[in-house]
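Below, each chain spelled out in residue letters.
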Amino acid sequence: MKNFNTQAPCSSRFTYAVLALLLVVMTACSGLRLAYNNGDTVLYWWLNAYVDLDRDQKDWVRDDIGKLFDWHRKTQLKDYVEILRTGQKQLQGNVTQTDLLADYAEVKQRTQTLLLKAAPELADLARSLKPEQIVQMEKKFKSNNDDYRKKYLSGDQEQRQKLRYKKAMEQFELWFGSFSSEQEAVLRKASDARPLDNEIWLDERMRRQRNVLNLVKKVQQEKLGKDATVSLINGLIKDSFERLEHSERQPFFDAYENSTAQFVLTAIKLATPAQKAHAIKRMQGWIDDFTTLATQAK
């Protein structure tokens, strides 16, 4: 069981970072092959919404995204198959919280690898941005944050917990199928036991956004070369991951990660043989899809 990030807020990292999110979302999609084969187009339009690409940028940005997907298809999908096979074995055995935390660490590492791989292309884009495109990015960040506030900072603590639980159950039902009312009562209790502070997640999101904006402004103002820009981007990516383990909020992050792993473990332990078989079958479908996609590499 690999994806147990049941916290709704998503990190607003820069440009290709959305691919990591896209790959997670696609595992929740019944048409995974179709979604993956169209992922480069989805990513292009997502990026365009942030910076409003001009005529000169569009062609080479499309080409860069295509090359990133080609690399991912050739080098990463077979590893995803092994991850899913491990998940199947864990469901059939006696999975522990330590296993789930190790799974999560592996996913984070693979996500970081993906982002670092994209750093040279990100550098090209950062160096090509015009002042009005940076302004557009600022506006998009603000709009996203306003949407976040409306969705996750409205209502009292009970309402926020209910929303978080509802989103978690959507993921669990994808894996296991429907749950009984008795199972849901236990899961709701385990969900509510997790620390909940959406203000922290928003503040962290805005921190990353500021870092991105400061980076592209520095690149533009100082007319940095590609190597210097790549170095800055690599530093930003690594900081985003290391902050989870080395910051003043580490106790909160650790408590959230551990309690979320316990929440997922509770769902697994509660699952009936039929529900586990449902999850194993779904994983097999993804294994088959990733295997086919990997063989279609150019």
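Numbers given for residues are sequential positions, taken from 1 along each chain in its written order. Local features in a predicted model are, by the rule used here, given only for residues with pLDDT of at least 70; side-chain atom pairs are given and counted only at 80 or more, and totals for whole chains, interfaces and linings are based on all residues. Side-chain measures here rest on the full set of heavy atoms in the structure, leaving out hydrogens and waters.

Asks: I'd like to hear about the environment of arginine 85, residue by residue, with values.
Replies: Each helix is a run of H or I in the DSSP string that is no shorter than four residues. Each strand is a run of E no shorter than two, and both are numbered from the N terminus. In this fold, arginine 85 is placed in helix H5 (residues 77-92). On a C-alpha basis, the gap between arginine 85 and methionine 283 in space is 7.8 Å, while along the polypeptide they are 198 residues apart.

Asks: Can you break down helix H9 (residues 157-176) residue by residue, with the values?
Replies: Here, expected helix span is obtained from the residue count minus one, scaled by 1.5 Å. Between its terminal C-alpha atoms H9 stretches 28 Å, which fits the 28 Å expected from 20 residues at 1.5 Å a residue. When accessible area is computed with a 1.4 Å probe and restricted to protein chains, residues below 20% of their type maximum are described as buried, those above 50% as exposed, and intermediate ones as partly exposed. Looking at H9, one finds that the buried residues are Arg160, Gln161, Arg164, Tyr165, Ala168, Met169, Phe172, Trp175 and Phe176. Any two residues having at least one pair of non-hydrogen atoms within 4.5 Å are treated as being in contact. Tucked into the core, H9 has its buried residues touching H5, helix H8 (131-152), helix H10 (181-192), helix H11 (198-222), helix H13 (250-270) and helix H14 (273-295). Think of a polar contact as two N or O atoms within 3.5 Å of one another; within protein, one of them needs to be a possible hydrogen donor and the other a possible acceptor, and neighboring residues in sequence only count if both atoms come from side chains. Where H9 starts, the residue carrying a side-chain oxygen 3.2 Å from the main-chain nitrogen of glutamate 158 turns out to be aspartate 156. Looking one or two places after H9, you find glycine 177, whose phi comes out positive at around 90 degrees.

Asks: Describe the pattern of salt bridges, listing the residues and the values that go with them.
Replies: Criterion for a salt bridge: a side-chain nitrogen of Lys or Arg within 4 Å of a carboxyl oxygen of Asp or Glu. One pass over the full model with this rule turns up 20 salt bridges. Across the pair aspartate 146 and lysine 142 runs a salt bridge whose closest N-O atoms are separated by 3.2 Å. Pair noted here: aspartate 146 and lysine 142 are both in helix H8, with a separation of four residues, about one helical turn. Aspartate 146 gets classed as partly exposed once you look at its relative accessible area, which sits at 27%. Arginine 149 is paired through a salt bridge with aspartate 146; the nearest N and O atoms lie 3.1 Å apart. Within this pair, arginine 149 and its partner aspartate 146 are both found in helix H8, separated by three residues, close to a single helical turn.

Asks: Go over the packing of helix H4 (residues 55-75) against H5, please, and point to the residues and values.
Replies: Axes here refer to lines fitted to C-alpha atoms; in helices the fit is confined to the stretch in contact. Angles between the N-to-C directions go from 0 to 180 degrees. Taken N-terminus to C-terminus, the directions of H4 and H5 make an angle of 45 degrees; their axes are 4 Å apart at the nearest point. One way to sum up the angle between H4 and H5 is to call them oblique. Between H4 and H5, the contacting residues are His72, Arg73 and Thr75 on the first element and Leu77, Asp79 and Tyr80 on the second. Classifying every residue of the contact of H4 with H5 gives two nonpolar, two polar and two charged. Note that the term roughly parallel is reserved for angles under 35 degrees, roughly antiparallel for angles over 145, roughly perpendicular for angles of 65 to 115, and oblique for everything else. Charged residues are taken to be Asp, Glu, Lys and Arg, nonpolar residues to be Ala, Val, Leu, Ile, Met, Phe, Trp, Tyr, Cys and Pro, and polar residues to be all remaining types, Gly included.

Asks: So what's going on with unusual backbone geometry? Which residues, and what values?
Replies: Although it is not a glycine, aspartate 52 sits at a positive phi angle of roughly 50 degrees. Mapped onto the elements of the fold, aspartate 52 is located in the loop between helix H3 (39-51) and H4. Residues other than glycine seldom take positive phi values, yet lysine 223 does so here, at roughly 50 degrees.

Asks: Could you give an account of the packing of H9 against H14, with specific residues and numbers?
Replies: Contact geometry of H9 with H14 gives a least axis separation of 6 Å together with a crossing angle of 85 degrees. One way to sum up the angle between H9 and H14 is to call them roughly perpendicular. Facing H9, whose interface residues are Glu173, Leu174, Trp175 and Phe176, H14 presents Gln275, Lys276, His278, Ala279, Arg282, Met283 and Trp286.

Asks: Describe the packing of aromatic side chains, naming the residues involved and giving the relevant values.
Replies: Stacked, tilted and edge-to-face are the three classes applied to pairs of Phe, Tyr and Trp rings, where Trp contributes its six-membered ring and a pair requires centres within 6.5 Å; stacked means planes under 30 degrees apart, edge-to-face means over 60, and tilted covers the rest. Counted by the stated rule, this structure contains 13 aromatic pairs. On the basis of an interplanar angle of 45 degrees and a centroid distance of 4.5 Å, the ring pair of tryptophan 46 and tyrosine 50 is categorised as tilted. Placement of the pair is tryptophan 46 and tyrosine 50 together in helix H3, with a separation of four residues, close to one helical turn. For tryptophan 46, a relative accessible area of 22% translates into the label partly exposed. In this structure tyrosine 50 comes out as buried when scored by relative accessible area, which is 9%. Between phenylalanine 176 and phenylalanine 179 the ring centres are 6.0 Å apart and the planes differ by 75 degrees, which places this aromatic pair in the edge-to-face class. With respect to burial, phenylalanine 176 and phenylalanine 179 carry one shared label: buried. Directly above the ring of tyrosine 44 sits arginine 62, whose terminal nitrogen or CZ lies 3.8 Å from the centroid. Put simply, a charge is over a ring when the Lys NZ or the Arg CZ is close to the ring centre, within 6 Å, and near the line of the ring normal, within 35 degrees.

Read these as geometric descriptors, not functional statements.
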